[in-house]
Amino acid sequence: MPALDVHYRPPARFYAFLLCVAVVVPAAIANTPGEVPVGAILRAANMQGLNGPSQNLSAFHGRPLLINVWASWCGPCKSEMASLERLAWRDRDQYFAIIGISTDDDADQARALLKKTNATISHFIDRGLQMENMLGASKLPLTVLVDADGRVLEKIYGARQWDSADALRLIERAFHRPSSSVKSSRISINNLRNPDFS
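Residues numbered from 1 in each chain as written. Predicted model: local features only at pLDDT ≥ 70, side-chain atom pairs only at ≥ 80, totals over all residues. Heavy atoms only, no water.

Colleague: Could you give me a rundown of the pairing of strand β3 (residues 65-70), with the residues and numbers involved?
Modeller: Within a regular strand, side chains alternate between the sheet's two faces. With six of its six residues buried, β3 lies for the most part within the structure. Residues Leu65, Ile67 and Val69 of β3 are buried on one face, and the alternating residues Leu66, Asn68 and Trp70, pointing to the opposite face, are buried as well. Where β3 and strand β4 (residues 97-102) come together, six bridges link them in parallel fashion. Within β4, the residue paired with tryptophan 70 across the bridge is serine 102. You can see the chain leave β3, run along helix α2 (residues 75-90) and come back into β4, and the turn it takes is right-handed. As paired elements, β3 and strand β6 (residues 142-146) share five bridges and run antiparallel to each other. Of the residues in β6, the one forming a bridge with valine 69 is leucine 142. (Buried < 20%, exposed > 50% of the residue type's maximum accessible area, 1.4 Å probe, protein only. Helix = DSSP H or I, 4+ residues; strand = E, 2+ residues; numbered from the N terminus. Pairing = 2+ DSSP bridges. Right-handed = clockwise from strand over helix to strand, strands pointing away.)

Here you go:
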């Protein structure tokens, strides 16, 4: 019987294969079919209205857009809905629009939640996974920040309090708007440096 070589090492191409599998498989699993990545422009899409008229996504071009993807069965989605409403009502001259996309299979369940929460933001139902796939909603909730040209700037997974100071800074940074809290802190620093500052 031949002796076994205990010091056998697989060829280098075996390790190269394992490395490729380790890199490619998680990336393939993480993306949804047809997902538009950060930095790319969203495609036109017809959206069926839940609490208002149906619209095409391109109707929002010309103004930054916050898209919140949710479902009526998703607890974290429901917990952030009130903060999105407060954000929408925070400033009547808001420089960006806010819409919601429900991934519910049953539009009536989505409408029931919107009625229960007194939603005033425009919400749409996703048909055939079109928006869910395009936005990359592999987890919910998902909030996508889109510039005025329809370019995806940022994708934020998980619930947030969208009217909090941290969320406002995130939004203003993504939309390249100076934060009012940043401006006031600069003034405070200048006041400390220059006692004659008025």
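Colleague: Please set out the sheet that holds β4 residue by residue, giving values where relevant.
Modeller: Strand order across the open sheet formed by seven strands is β2-β1-β5-β4-β3-β6-β7, with mixed pairing between neighbours. At either end of the open sheet lies a strand with only one pairing partner, and these are β2 (55-56) and β7 (152-157). Pairing analysis gives five bridges linking β6 to β7, with the strands arranged antiparallel. For valine 144, the partnering residue across the bridge sits in β7 and is lysine 155. Lying over the sheet, α2 contacts β3, β4, β5 (122-125) and β6, oriented at roughly 160 degrees with respect to β3. Here helix α5 (residues 165-174) sits on the sheet in contact with β3, β6 and β7, set at roughly 155 degrees to β7. (Contact = heavy atoms within 4.5 Å. Axes fitted to C-alpha atoms, helices over the stretch in contact; angles between N-to-C directions.)

Colleague: Account for the layout of surface pockets, naming residues and giving values.
Modeller: Size it by volume and the largest pocket reaches roughly 260 Å³. What lines the largest pocket is a set of 14 residues, among which Arg63, Ala88, Ala97, Ile98 and Ile121 lie closest to the centre. Counting residues per element, the ones that place at least two in the lining of the largest pocket are α2 and β4. Per-element accounting of the lining of the largest pocket gives the leading share, three residues, to β4. Here the residues of the lining of the largest pocket sort into eight nonpolar, three polar and three charged. (1 Å grid on protein atoms, 1.4 Å probe; cavity = no way out; pocket = protein on both sides within 12 Å on 5 of 7 lines; lining within 4 Å. Points joined across faces, edges and corners; volume = space filled by probe spheres on them. Nonpolar A, V, L, I, M, F, W, Y, C, P; charged D, E, K, R; others polar.)

Colleague: A description of the environment of asparagine 133 should follow, citing residues and the corresponding values.
Modeller: Following the sequence through the fold, asparagine 133 ends up in helix α4 (residues 130-135). With a relative accessible area of 18%, asparagine 133 lands in the buried category. Note: C-alpha distance between asparagine 133 and proline 33 (100 residues apart in sequence) is 5.7 Å. Setting aside chain neighbours within four positions, we find asparagine 133 in contact with Thr32, Pro33, Gly34 and Glu35.

Remember that the coordinates give geometry; whether it matters functionally is a separate question.
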